[in-house]
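Descriptive structure summary
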Amino acid sequence: MKIRLDIRNKAHRQRIKYVVGDLVMSNVAWFLYNIVRYQMGTVVGWPYLESYLKSDMVVAGQIFFPLLMMVTYIFSGYYNNVCRKSRIQELLTTAASAVINTLLIFFLALINDVIGVRGDDYEMILILWLLLFGLVYLVRAIITNRASSQIKSRKWTFPTLIIGSGAAAVAFAHKLNSRRYSSGHEIMGFVNIPGENPVKDNPLPCYDLDEIQEVCDSLGIWELIVVPTRDDTHQTMNAINHLFNLSLPIMISPEYFNKMQTPVRVSDMYGEPLVNISLSSMSDSGKNIKRALDIVISAVALVVLLPVFGLVAHIIRKTSPGPIFYLQERIGLHNKPFKIIKFRSMIHNAESSGKPQLSSDNDPRITSFGRFMRKYRIDELPQFWNVLKGDMSLVGPRPERKYYIDQILPLVPAYALLHQVRPGITSMGMVKFGYAKDLDEMLERVKYDLMYLNNMSLLNDLKILIYTIKIVFTGRGM
């Protein structure tokens, strides 16, 4: 537990360094830019620097604009992962953030400063960008270089478990430990994948997959690296499916990841290429924006749709005995269960036998009003609450029940990868395929969900939402 607290504290302090550095440098950049623009005489109505420095605008500007810049930095995803940063990605992210902040500041405060000489106007915009980029990147690079040196010299280490206990796993651990410059991994032990033969005389402990939660908690594990010895995709993916609920980075070699017929996304691991399969292909900025949109849109929808909710609830109460809402356990992000909420469209206790049952077009369990709700997807509307809570997203793979997941995984091992993202109210599978009536149709729909996972982007989310709206208004929900 001491190990976990130590590395968690270091990560927390590292994030604070970045935030404080960005805030201070943004203040300095904004103040220096004001000195430059007043000295150049580009401010209409404020020809002298002294007049600006003596005004209340100084304090207001030094508070508002740096905080505005910080919002951009947060949405850029720069603070998401602070311990191991790619230098190139850091450079590009900082440059892009500076462009966005420059445009925001220009349209909010500087657009009236233009003096009519286009070259001078462009020069002032370029000076602002150079200050925002140069000063912020300078401090960021210093902090990152310091952390990188600490990791390479083994002063910072990240407790790591290797999933696999065969010859390949042991050889990989030896390779990591024998590197001249450390990648930060401190191998704490191995976890046996069912069907593998553990290497004898291994100095490090070997654990069973069933006890991995307790092991990770007791050792403060930071990262998991999957290194199978046997070429058994089913057993490996079954083991990986057990790892998602740990909410830890799950790394795997690109060679093995290729066998899943999924595009390779190599992480910067200080010369040791590994793929993080616990994260989607969407950029950190895209993830932050996606989650922010989920919160805003679902909150607005819940308020705007209140009259509709009231009307639907009244009709359900009048036309069918039983509760208004239907709660059902589904499996979501990191393989964790949650209760999905819907308007009840079937008779009460539709699964009284205790065995999960998929519905069909002519399912007698569906009520008359329930059929109407399903046709226009009205029964799905309460799921905006799941989105607001963080159980779901507006767009994502279709959430399934564990009963069906256990049947899908042996047939489509890559299905386990869907647990790296939040499930959605709507999905590519729902707009391209629709509801599944049996396991075979579920397997067909999974292909679309995996396709979505490999091509996640805000633009594709928007396309899926547009298709969903079209389906709703044309009544093609069933």
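Please refer to the structure higher up on the page.
A few points on the structure. All of these numbers come straight from a predicted model, not from anything done at the bench. (Residues numbered from 1 in each chain as written. Predicted model: local features only at pLDDT ≥ 70, side-chain atom pairs only at ≥ 80, totals over all residues. Heavy atoms only, no water.)

We now examine the overall build of the chain. Scanning the chain from terminus to terminus reveals 17 helices and 11 strands. The proportion of buried residues among the 478 residues of the chain is 49%. Across the chain, contacts joining residues at least 24 apart in sequence account for 73% of those joining residues at least 6 apart. For the chain, the computed accessible surface area is about 23,300 Å², with 62% contributed by carbon and sulfur atoms. (Helix = DSSP H or I, 4+ residues; strand = E, 2+ residues; numbered from the N terminus. Buried < 20%, exposed > 50% of the residue type's maximum accessible area, 1.4 Å probe, protein only. Contact = heavy atoms within 4.5 Å. Areas by Shrake-Rupley, 256 points an atom, 1.4 Å probe, with all protein chains shown as cover.)

Attention shifts here to helix H7 (residues 212-219). All of the buried residues along H7 are Ile-212, Val-215, Cys-216 and Leu-219. Considered in projection along H7, the buried side chains sweep an arc of 95° and stay on one side of the axis. Gly-220 lies just past H7 and shows a positive phi near 65°. (Arc of directions from axis to C-beta.)

With that settled, the discussion passes to the pattern of salt bridges. Considering all chains together, one arrives at 10 salt bridges under this definition. The partner of Arg-140 in a salt bridge is Asp-22, with the nearest N and O atoms 2.9 Å apart. Of this pair, Arg-140 sits in helix H5 (residues 118-152) while Asp-22 is found in helix H1 (residues 2-39), placing the two residues 118 residues apart along the sequence. Each member of the pair, Arg-140 together with Asp-22, is buried. The closest approach of N and O atoms between Glu-444 and Lys-447, which form a salt bridge, is 3.3 Å. A residue pair is termed a helical-turn pair when its members lie 3 or 4 positions apart in one helix, as Glu-444 and Lys-447 do in helix H16 (residues 439-454) at 3 residues. For Glu-444, a relative accessible area of 36% translates into the label partly exposed. (Salt bridge = Lys/Arg side-chain N within 4 Å of Asp/Glu carboxyl O.)

Bear in mind that shape data such as this cannot, by itself, settle questions of function.
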